[in-house]
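Each chain, letter by letter, is given below.
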Amino acid sequence: MKSILVIGAGKFGHHLAEYLCEMDNDVMLVDKNENLIDEYSEGVTTAEIGDFTIKSNLASLGVEDYDYVFVCVGDFQDSLVITSYLKELGASYVIGKASSLIHEKFLLQNGADKVVYPERDTAYSKAVEYSNSSIFDYFPLNEDTGIFEISAPEKWIGKSLSNINVRKIHNVTVIAYKYNDKIFPINSPDYVFSSTEHLIIMGERDYIKKIAK
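Every value quoted in this text rests on a predicted model; they were computed, and no experiment measured them.

**Observations concerning the sheet that holds strand β10 (residues 182–185)**
Thought 1: The strand order across the open sheet built from five strands is β7-β8-β11-β9-β10, with neighbouring strands paired in antiparallel fashion. Edge positions in the sheet fall to β7 (135–140) and β10, since each of these pairs with one other strand and no more. Shown here is a sheet whose adjacent strand axes are inclined to one another by a mean of 25 degrees, direction ignored.
Thought 2: Note that strand β8 (residues 145–151) and strand β11 (residues 198–204) share seven bridges and pair antiparallel. Counted as the bridge partner of I147 is M202 from β11.

Here it is as structure tokens:
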């Protein structure tokens, strides 16, 4: 279980906080909008109202005690101020939500350890998914690498992971398989590929495209 602070209860922030809480994390959601906190407080561990562009208010949250702090504030300037204060106050890992490439750049310059750009990431994920009938889902890890859900290539069907030597030949890692909407880790090289299952694989996009034709 992680201890996580989410600053900003807008569309992205409150969904993030609620999902994190559903995954058994200890989550505090804060925002200066009283109506938002009233609406979403029941979906998280704790919630608080306040203007956290004020450094003393931010300090009162004990930001240094959280494993992760997400800055999900929509206002460009406010998000930069909060990010900068968080690092000054000793927050160990700050993740900023960007709304543009410029926003992403300034968040990183102001101390964010990582930046998420939901609109861009979702758009790219859907572009990948709907451009290739063999790719069913995609999660980016960085600019070049991601985790993909694909159908097993026809040439792999009936063969084992060790027979094909996927990692050495194709430069990708088979993590798990998906059957009836359930995901099962692949822990043995004796796993045999099946046409009834989807594969969860990790690798660079260019290598994945060669496999998922």
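**A closer look at the sheet that holds strand β6 (residues 114–116)**
Thought 1: What the six strands build is an open sheet, ordered β3-β2-β1-β4-β5-β6; its pairing is parallel. Each of the sheet's edge strands pairs with one partner strand only, and the pair in question is β3 (46–49) and β6. On average, each strand axis in the sheet is inclined to that of its neighbour by 20 degrees, with strand direction left out of account.
Thought 2: Direction of pairing for strand β1 (residues 3–7) relative to strand β2 (residues 26–31): parallel, over a ladder of five bridges. What sits directly across from V6, in β2, is L29.
Thought 3: On top of the sheet, helix α1 (residues 11–22) reaches β1, β2, β4 (68–71), β5 (94–97) and β6; it is set at about 165 degrees to β2, its chief contact.
Thought 4: Running at roughly 165 degrees to β4, helix α4 (residues 76–88) makes contact with β1, β4 and β5 of the sheet.

Cut-offs used in this document
- Residues numbered from 1 in each chain as written.
- Predicted model: local features only at pLDDT ≥ 70, side-chain atom pairs only at ≥ 80, totals over all residues.
- Heavy atoms only, no water.
- Pairing = 2+ DSSP bridges.
- Helix = DSSP H or I, 4+ residues; strand = E, 2+ residues; numbered from the N terminus.
- Axes fitted to C-alpha atoms, helices over the stretch in contact; angles between N-to-C directions.
- Contact = heavy atoms within 4.5 Å.

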